[in-house]
Amino acid sequence: MQIQIRVPATSANLGAGFDCLAVAFNLWNQATVDFSGKGYHVHVNGEGEGILPEDADNLIIKSFLFTLEKLGIQAPAGVRFDCENHIPMGSGMGSSATAVLIGVIAATTLNPEYENKDTWLQFSGELEGHADNVAAAIFGGLVAVRKTGDRYKTLLYDIEPENAVVVLPTVNLSTHAARKALPQNVPMADAVSNISRIPAILEGLRTGDVDLLRDGLVDKLHQPYRLPLIPGSADAIQKANALGAASALSGAGPSVIAFMPVNPEETANAMSQCFANNGLTCRIYHLEMINRGAQVTRL
Ligand SMILES: Nc1ncnc2c1ncn2[C@@H]1O[C@H](COP(=O)(O)OP(=O)(O)OP(=O)(O)O)[C@@H](O)[C@H]1O
Ligand SMILES: N[C@@H](CCO)C(=O)O
């Protein structure tokens, strides 16, 4: 049996929505999965080629085996994942979420009872440790995720298919390292500031109101601790805002996102210049927000 799984890029946090909000984009990682062989193999084309492990150490295989075990599904004699990766790794664009989801989704296709979005969310959220990226990657659009007991739950919002620019500087900053930079406790006033902005983010993205969104993206819980690790990022956010976009760190960084830029080229160049001033080169992505999420096709 062969299947194809496609999972979109995502940008998590959206400023004040730390660990709770994320949005999906029209940039995809995909894998063709073949259950007919022996042993566990991954072949990587594109992003991560020559870097990612191609054996059972790959996050896709780990997530696949984790899900099989949790669901009590017998592991097949072999599986091969042929990956076409377009999402840069370690960028804050949800690459690890796509890997986890490809493994989880592939496992659920072996028992149709479990092939549903809620199962994908529970297992991928557990594997990632926070479910913002995976939730938006599963459902598409704008997703708010919360945990009640040990279950992740979502609210889904259709959004205007507006443009965004993502500028990715050449900085090594894993999500793990970016989370370690955060304090254990935060001032009450900072928490209140973030909570007060969530409706502005939801409404700003739902209606395409860039001024409302810009106000909503102001964050006090994670960006103040992470921006100093990414030289030029605070300036890039400020510059993008000054040019009329609504800007924030994308996920845990190091990329910076500018939603609804008035002039995407000018905004991207101005943001890149902020990183160049700090001796960093950049990759630039012109993306569109999308309302569809992960897709499975039987081949
Ligand atoms: N496409 C992929 N296939 C297999 N493993 C991956 C893939 N992308 C990321 N990983 C693994 O996940 C690890 C952690 O990635 P990390 O979370 O730092 O980046 P990210 O997903 O780009 O960030 P974010 O979650 O902020 O968007 C990587 O070091 C790599 O081992
Ligand atoms: N919410 C997560 C997203 C990165 O995976 C964080 O900011 O650490």
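Because the structure is predicted, anything quoted here is derived from the model rather than measured. (Residues numbered from 1 in each chain as written. Chains lettered and ligands numbered in written order. Predicted model: local features only at pLDDT ≥ 70, side-chain atom pairs only at ≥ 80, totals over all residues. Heavy atoms only, no water.)

### Remarks on the nonpolar core
- With 42 residues, the main nonpolar core has Ile5, Val33, Phe64, Phe81, Leu101 and Leu121 as its most contacted residues.
- For this core, the element with the highest residue contribution is helix H2 (residues 95-108), accounting for nine residues.
- Sequence-distant contacts of Leu121, defined by excluding residues within four places in its chain, comprise Ala131, Val134, Ala135, Ile138, Phe139, Tyr152 and Thr154.
- With 29 residues, the next largest nonpolar core counts Leu27, Ala246, Phe259 and Met260 among its residues. (Core = buried A, V, L, I, M, F, W, Y, C linked by side-chain atoms within 4.5 Å. Buried < 20%, exposed > 50% of the residue type's maximum accessible area, 1.4 Å probe, protein only. Helix = DSSP H or I, 4+ residues; strand = E, 2+ residues; numbered from the N terminus. Contact = heavy atoms within 4.5 Å.)

### Quick word on the UniProt feature "binding site: ATP" (unreviewed entry) in the protein
- Under the UniProt annotation, "binding site: ATP" (unreviewed entry) lies at Pro88, Met89, Gly90, Ser91, Gly92, Met93, Gly94, Ser95, Ser96, Ala97 and Thr98. In the annotated group above, the largest pocket draws its lining from Pro88, Met89, Gly90, Ser91, Gly92, Met93, Gly94, Ser95, Ser96, Ala97 and Thr98.
- Position of Pro88 among the secondary structure elements: in the loop between strand E4 (78-85) and H2.
- Not counting residues up to four positions away in its chain, the partners in contact with Pro88 are Leu27, Glu47, Met93, Ser95, Leu168, Arg283 and Tyr285.
- Secondary-structure assignment places Gly90 in the loop between E4 and H2.
- On the basis of relative accessibility, which here comes to 48%, the residue Gly90 falls in the partly exposed class. (UniProt positions renumbered as here; feature names shortened; annotations may be inferred. 1 Å grid on protein atoms, 1.4 Å probe; cavity = no way out; pocket = protein on both sides within 12 Å on 5 of 7 lines; lining within 4 Å.)

### Topic: the site of ligand 2
- Around ligand 2 sit Ala12, Asn13, Phe18, Asp19, His130, Asp132, Asn133, Thr175, Arg179, Arg226 and Ala252, and those are all the residues in its vicinity.
- Calculation on ligand 2 without its partners gives an accessible area of 260 Å², and the protein chains cover 96% of this total.
- Under a 2 Å grid-point criterion requiring more than half of the atoms, the pocket assigned to ligand 2 is the largest pocket.
- Those elements giving two or more residues to the shell around ligand 2 turn out to be helix H4 (132-139) and helix H5 (175-180).
- Per-domain counts for the shell around ligand 2 show at least three residues from each of domain 1 (2-158 + 291-298) and domain 2 (163-288). (Near = heavy atom within 4 Å. Areas by Shrake-Rupley, 256 points an atom, 1.4 Å probe, with all protein chains shown as cover. Sits in = over half its atoms within 2 Å of the grid points. Domains from an automatic or database assignment.)

### So, unusual backbone geometry
- That bond from Gly253 to Pro254 is cis: its omega, 5°, falls within 30 degrees of zero.
- Tracing the backbone through its elements, the reader meets Pro254 in the loop between strand E8 (246-249) and strand E9 (256-259).
- The phi torsion at Asp19 lies on the positive side, around 65°, for a residue other than glycine.
- With respect to the helices and strands, Asp19 occurs in the loop between strand E1 (2-12) and strand E2 (21-34).

### Observations concerning the site of ligand 1
- In the neighbourhood of ligand 1, 18 residues make up the surrounding shell, with Ser91, Gly94, Ser95, Ser96 and Thr175 lying closest.
- At 3.2 Å from an oxygen atom of ligand 1 is found a main-chain nitrogen or oxygen belonging to Met93.
- When ligand 1 is considered free in solution it has 630 Å² of accessible area, and contact with the protein chains removes 80% of it.
- According to the grid-proximity analysis, the pocket containing ligand 1 is the largest pocket.
- The element best represented in the shell around ligand 1 is H2, accounting for three residues.
- Tallied by class, residues from the shell around ligand 1 come to six nonpolar, 12 polar and no charged. (Polar contact = N/O pair within 3.5 Å; in protein donor to acceptor, adjacent residues only side chain to side chain. Nonpolar A, V, L, I, M, F, W, Y, C, P; charged D, E, K, R; others polar.)

### Here we look at the packing of H2 against helix H3 (residues 117-128)
- Orientation of H2 relative to H3, taken along the N-to-C sense of each, is 135°, at an axis distance of 9 Å. With respect to each other, H2 and H3 are oriented oblique. You can see that H2 and H3 cross each other, and the crossing is right-handed. Contacts between H2 and H3 involve Ser96, Ala97, Val100, Leu101, Val104, Ile105 and Thr108 from the former and Thr119, Trp120, Phe123, Ser124, Leu127 and Glu128 from the latter. (Axes fitted to C-alpha atoms, helices over the stretch in contact; angles between N-to-C directions. Parallel < 35°, antiparallel > 145°, perpendicular 65-115°, else oblique. Left-handed = near helix turned anticlockwise from the far one by under 90°.)

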